[in-house]
Amino acid sequence: MCWAIRLCCLVALVRVLGVVASTNNIDDYVGLRALMDGWDNFPPNWDGADPCGSGWEGISCNNGGRVDSITLASINISGQLASDIDKLSDLKILDLSYNTGITGELPSSIGNLKNLTSLIVVGCGFSGQIPPSIGSLQKLVYLSLNLNNFIGEIPASIGNLSNLFWLDIADNKLTGSIPVSKGSTPGLDMLVSAKHFHFGGNQLSGQIPPQLFSSKLPLKHLLLENNRLTGSIPSSLGLVQTLEVIRLDKNLLSGAVPDNLNNLSNIQELYLANNKLTGPLPNLTAMHSLNYVDLSNNTFEETDVPPWFLSLQSLTSLIMENTHIKGELPVSLFSLAQLQTVVLRKNHINGTLNIGSNLNDQLKLIDLQNNFIDAFSPRAGYTAEIILVGNPICNEGITEEYCTVSQNRSDDTYELPNKDCPADLKCSNGEILSPTCKCAYPYSGSLRFRAPSFSDYGSTSTYESLEAALIESFKLHEQPVDSVSILVNPMKNAVGYLVLGLHIFPSDQPYFTRTGIVEIGFMLSNQTFKPPHEFGPFFFKGDVYQYFPDLIGDKHKSSLSKEVIIGAAVGACLLLLLLVVAGVYAFRQKKIAKTASKRSDPFGSWDPNSDSGGVPQLKGGRSFTFEEIKKCTNNFSTTNEIGSGGYGKVYRGTLVNGQLVAIKRAQQGSTQGAMEFKTEIELLSRVHHKNVVGLVGFCFDKGEQMLIYEYVTNGTLKDSLTGKTGIRLDWSRRLRIALGAGRGVHYLHEQANPPIIHRDIKSNNILLDERLNAKVADFGLSKSKPMSEQDKSHLTTQVKGTMGYLDPEYYMTQQLTEKSDVYSFGVVMLELLTSRTPIMKGKYVVREVKEALDKSKNLYNLEPVLDPIVASNVAPGSVERFVDVALRCVQESGVNRPNMSEVVKEIENIMDIAGLNPSNESASTSDNYEGISKGSKDPYANESLFSYSGDYSPAKSESK
Ligand SMILES: *[C@@H]1O[C@H](CO)[C@@H](O)[C@H](O)[C@H]1NC(C)=O
Ligand SMILES: *[C@@H]1O[C@H](CO)[C@@H](O)[C@H](O)[C@H]1NC(C)=O
């Protein structure tokens, strides 16, 4: 009975809401409502009653009036995916890519969407296991789960997806082995239609199962790089004639490379580097199509230069570092027509280097560091960079160019040139000038090429062809795109992906609509766009688009109620029904009204002139009026200016009560939304720790946004390390500073509520007070901000941080964890040891220390790189243990790094050995250190203090 009434009411409700008009199925409506309930920020026009008829953005329907596609890339959805999604039983395409706010598990009910052909959730925040129910999606052809936080094993049931052509599960945290079928248990060897296995960047272990490969498999791309696979490379791999790209690098593979790999004549890119392969160097003579080969860092048998070096006519890149090659290099190597890069570092190449006279223009780099070459006669007119550092020919005193490593070859960032735009054309409001000289808000993101076949990253024409291909593809699919620009940073990331920033500019209007964004996002997430062949396999990581007209100011017209038309309803249920409708409606009205008012004025009724709290909820900070701040900084006089950064300027001020403060004033264009600012100060005001710079208050008045911090007298750690402050940092002081800073970061990670990831730990952000207590500064301010014009020259990934301190894993995956701070902290520890900036003259301190390290020697053989003050320290063992911790912090993989509490604990132990009392961490009283306040130099007169450095992108190197 009850059931009957419920059904009756539902049917009536549907009818009242007008759903019946063109959506035939109540389930679709229920499913979509469930999605909306689980999410914030679904498209504002998901309103009214008819997803199909009234054009809900991101939704399309089939002829039967059923929802068959949901594509919602890059529109900032957050929340969880509702399990009632399975009500949308006609759904064929689901694309939720690039919404990092979608978290939680992929619901198991997804397995009920039996019509699904494409399931794409690239770059979201999904966690938990991949539900085995995915294996019942019999029609699935395209599955992209890459760049999430999935854990656990690859479900064996995926083996049931016999139509699957694309399987991308890369860049997650998957563990266990690659499943293959056994008895009635399915496995990936059953994926007979698969052309793409992209499994890189996980923690997969066990052997690469021989069963996975057969001569019938149409596989083109096998990407297993950066896992923990062991055992030998199965010889069955040599049966897969269709293979074009093999990446097995960065694993723990051992044994000899099977001979029959040589049969794979379609291979273009072969990466076997950084394994433990043994046996003879593979014979690649028959890989006629090979462009890019990297066999570095394996333990192959010593061998002469193999003949295939000279016979592979398509070779662009020959990367064979540390592969035990001996003898002289034949001159004919350098006349290979396509060759761009030769890296043969750390081999036993000897004799004379003869590059002949046939060098082609494309040959850009010949890197033969650390070999035994004793003669070289350079020819006039060659353009390639030749590096012979570490060869006998570069013995001391030789200053030839080829005996130095040039510093800036890898960190140039540039953008393909605009057409000639009038010089006075300047964009405002965060708009960016397009290549066709229009100001607009582009959709940005990065294209990540996992195995490009070229290595001359400086060639503009290569990128022009990519740009042209993009435009053509957008035009072909009738996307509202005016133009695109590519931001080139010719550096590869830690696993050798080539990362290119991309701006896509809108046509017609200066911004995209949601429909425009989700369609473009889908074109890139589902590989409709095919880049020119030489770029190889790729994926796109879109940024959230923040410039929809309703977000950038145009009054957003809510289409809330117009479709709610009370029609003729049915008999007995009418009254109840009306109540339900009224209730739902009122609730939603209220919710929408609340959200809207929150958006426009978060400070609401709050009176900025009172200290009474109210909104915002401050714990400890107070608000200041503009007048107050103006007064205490002497009208923002330049003499009070103590720093500046991308965000604005920093002033020193004295409050009425005599307290010294540092005031960060956001400049025009750098201010955040009021809502964000409020969130920020609420967050910051909750942070109280003696090793963290405290927030005194804020000013949100007269359109200004300022943060007021306690003033820390002795400036930055960097200033002291570089000798600017004259404070002598002996070993015990360094240990105490490390301990204090470590405790500060530990507090942010584990005790602050909510926890804070700093994102920009560096010696510039560690301040020293009058007793040399370390205080961590400038946290919490690195949220993604709307892109300003300054960002134009950088990669437009959302990665924040400072070059030299930036966690390579974070850079690669864009997934931020506490371990990224741990990496940066490790770099600071190395700075404390060496007193060197992390990147100096093209040398990276992490690499320098790792390369010099020899644990069998005194001070680990690091004396040449250590600061003499540290090297002369007497407490035996303490420097070594400090080095051990620092190097654990800078492990490439975050999971191998300690967390901050372990770091703090270990520094305490080290202080114990050194006879220092860790509970008394302040270094000394101010009267027993030298050189305090030399002359009138203000310790704050450092432009990067309080630098708001959140805007730095990796492309912006300090060594610029
Ligand atoms: C390498 O392979 C080619 C053809 O595949 C063969 O002719 C040649 O003898 C092999 N070289 C060696 C050293 O085995
Ligand atoms: C190069 O090294 C090989 C041994 O690896 C040796 O036989 C040869 O004589 C050396 N050549 C020169 C020019 O030193």
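For the structure, see preceding data.
One structure accompanies this document, and this report is about it. Everything numeric in this text was worked out from a predicted model, so none of it was measured.

### What to know about the sheet that holds strand 26 (residues 348–353)
A sheet is described by the order of its strands in space; here four strands give the open sequence 22-24-26-28, paired in parallel fashion. Lying at the two open borders of the sheet, with one neighbouring strand each, are strand 22 (303–304) and strand 28 (372–376). Two strands pair when backbone bridges link them, and strand 26 and strand 28 are joined in this way by four bridges, in the parallel orientation. Bridging from a neighbouring strand, Asn350 pairs with Phe372 of strand 28.

### So, the pattern of salt bridges
Where charged atoms from two side chains of opposite charge approach closely, those side chains can pair. Within the structure shown, the criterion is met by 26 salt bridges. Among the salt bridges present, the one from Arg514 reaches Asp550, with a minimum N-O distance of 3.1 Å. Of the two residues, Arg514 is situated in helix 5 (residues 514–525) and Asp550 in the loop between strand 36 (538–542) and helix 6 (574–600); the sequence distance between them amounts to 36 residues. Asp550 gets classed as partly exposed once you look at its relative accessible area, which sits at 24%.

### Focus on the site of ligand 2
If you check the shell around ligand 2, you find Lys326, Glu328, Asn350 and Gly351 and nothing else. Notes on ligand 2: free accessible area 360 Å², of which the protein chains cover 35%. Of the residues contributing to the shell around ligand 2, the split by class is no nonpolar, two polar and two charged.

### Topic: the state of the cysteines
Taken as a whole and assessed by the stated rule, the structure comprises three disulfides. Note on cysteine connectivity: Cys52 is disulfide-linked to Cys61, with sulfurs 1.9 Å apart. On the S-S bond that ties Cys52 to Cys61, the torsion sits near -90°, and the link is left-handed. Its sulfur unpaired, Cys632 is 9.8 Å from the next cysteine sulfur, which belongs to Cys699.

### Things to note about the packing of helix 12 (residues 818–834) against helix 13 (residues 845–852)
Each pair of packed helices can be described by the angle between their axes along with the distance between the axes. Packing of helix 12 against helix 13 leaves a shortest axis separation of 10 Å and a crossing angle of 65°. As the angle between them shows, helix 12 and helix 13 are arranged roughly perpendicular. For helix 12 against helix 13, the interelement crossing comes out left-handed. For the pair helix 12 and helix 13, contact is made by Tyr823, Val827, Leu830 and Thr834 and by Val845, Val846 and Val849, respectively. For the contact of helix 12 with helix 13, the class distribution of residues is six nonpolar, one polar and no charged.

### As for the side chain of Ser835
Relative to the assigned elements, Ser835 resides in the loop between helix 12 and strand 45 (839–840). Judged by its relative accessible area of 18%, Ser835 is buried. Side-chain polar atoms of Ser835 contact the side chain of Asp867, separated by 2.3 Å. For Ser835, the contacting residues outside a window of four places in its chain are Leu721, Arg734, Leu830 and Asp867.

### Examining the side chain of Asn765
Position of Asn765 among the secondary structure elements: in the loop between helix 10 (731–751) and strand 43 (766–768). In this structure the side chain of Asn765 is engaged in a polar contact, spanning 2.8 Å, whose partner is the backbone oxygen of Asp760.

### Comments concerning the site of ligand 1
Around ligand 1 sit Asn262, Asn283, Thr285 and Ala286, and those are all the residues in its vicinity. A distance of 3.0 Å separates an oxygen atom of ligand 1 from a polar side-chain atom of Asn262. In this structure, Asn283 approaches ligand 1 through a side-chain N or O atom, which is 2.4 Å from an oxygen atom. Considering ligand 1 on its own, with 360 Å² of exposed area, one finds that the protein chains cover 29% of that surface. Split into classes, the residues belonging to the shell around ligand 1 amount to one nonpolar, three polar and no charged.

### Overview of the sheet that holds strand 6 (residues 102–104)
Sheet strands associate in pairs through backbone hydrogen bonding, adopting either a parallel or an antiparallel arrangement. One open sheet holds the six strands; their spatial order is 1-4-6-8-10-12, and the pairing between them is mixed. The outermost strands of the open sheet, each flanked by one partner alone, are strand 1 (39–40) and strand 12 (173–174). Sheet analysis places strand 10 (residues 149–152) next to strand 12, joined by two bridges and oriented parallel. The residue of strand 12 that forms the bridge with Gly152 is Leu174.

### A look at helix 16 (residues 900–913)
Helix length check: helix 16 (14 residues) gives 20 Å between terminal C-alpha atoms against 20 Å at 1.5 Å per residue, within 8%. Phi turns positive, to about 75°, at Gly915, one or two residues after helix 16.

### Here we look at empty space enclosed by the protein
The full count for this structure, using the stated rule, is two cavities of 30 Å³ or more. Looking at the second largest cavity, its volume works out to about 40 Å³. Forming the walls of the second largest cavity are Tyr98, Val122, Tyr142, Ser144, Asn146, Trp166, Asp168, Leu524, Ser525, Gln527, Phe539 and Phe540. Of all the secondary-structure elements, those providing two or more residues to the lining of the second largest cavity are strand 9 (142–144), strand 11 (166–168), helix 5 and strand 36. Here the lining of the second largest cavity spans two domains, since at least three of its residues come from each of domain 1 (20–203) and domain 2 (431–551).

### What to know about the pairing of strand 3 (residues 67–71)
The element strand 3 is largely enclosed, with a buried count of five among its five residues. Summarising the sheet, strand 2 (residues 59–61) and strand 3 pair through three bridges and their orientation is antiparallel. Bridging across to strand 3, Cys61 finds its partner in Val67. Pairing geometry for strand 3 and strand 5 (residues 93–95), over three bridges, is parallel. Residue pairing for strand 5: Ile70 is matched across the bridge by Leu94.

Calculation criteria
- Residues numbered from 1 in each chain as written.
- Chains lettered and ligands numbered in written order.
- Predicted model: local features only at pLDDT ≥ 70, side-chain atom pairs only at ≥ 80, totals over all residues.
- Heavy atoms only, no water.
- Pairing = 2+ DSSP bridges.
- Helix = DSSP H or I, 4+ residues; strand = E, 2+ residues; numbered from the N terminus.
- Salt bridge = Lys/Arg side-chain N within 4 Å of Asp/Glu carboxyl O.
- Buried < 20%, exposed > 50% of the residue type's maximum accessible area, 1.4 Å probe, protein only.
- Near = heavy atom within 4 Å.
- Areas by Shrake-Rupley, 256 points an atom, 1.4 Å probe, with all protein chains shown as cover.
- Nonpolar A, V, L, I, M, F, W, Y, C, P; charged D, E, K, R; others polar.
- Disulfide = S-S within 2.5 Å.
- Axes fitted to C-alpha atoms, helices over the stretch in contact; angles between N-to-C directions.
- Parallel < 35°, antiparallel > 145°, perpendicular 65-115°, else oblique.
- Left-handed = near helix turned anticlockwise from the far one by under 90°.
- Contact = heavy atoms within 4.5 Å.
- Polar contact = N/O pair within 3.5 Å; in protein donor to acceptor, adjacent residues only side chain to side chain.
- Expected span 1.5 Å × (residues − 1).
- 1 Å grid on protein atoms, 1.4 Å probe; cavity = no way out; pocket = protein on both sides within 12 Å on 5 of 7 lines; lining within 4 Å.
- Points joined across faces, edges and corners; volume = space filled by probe spheres on them.
- Domains from an automatic or database assignment.

Keep in mind these numbers describe shape, not what the thing actually does.
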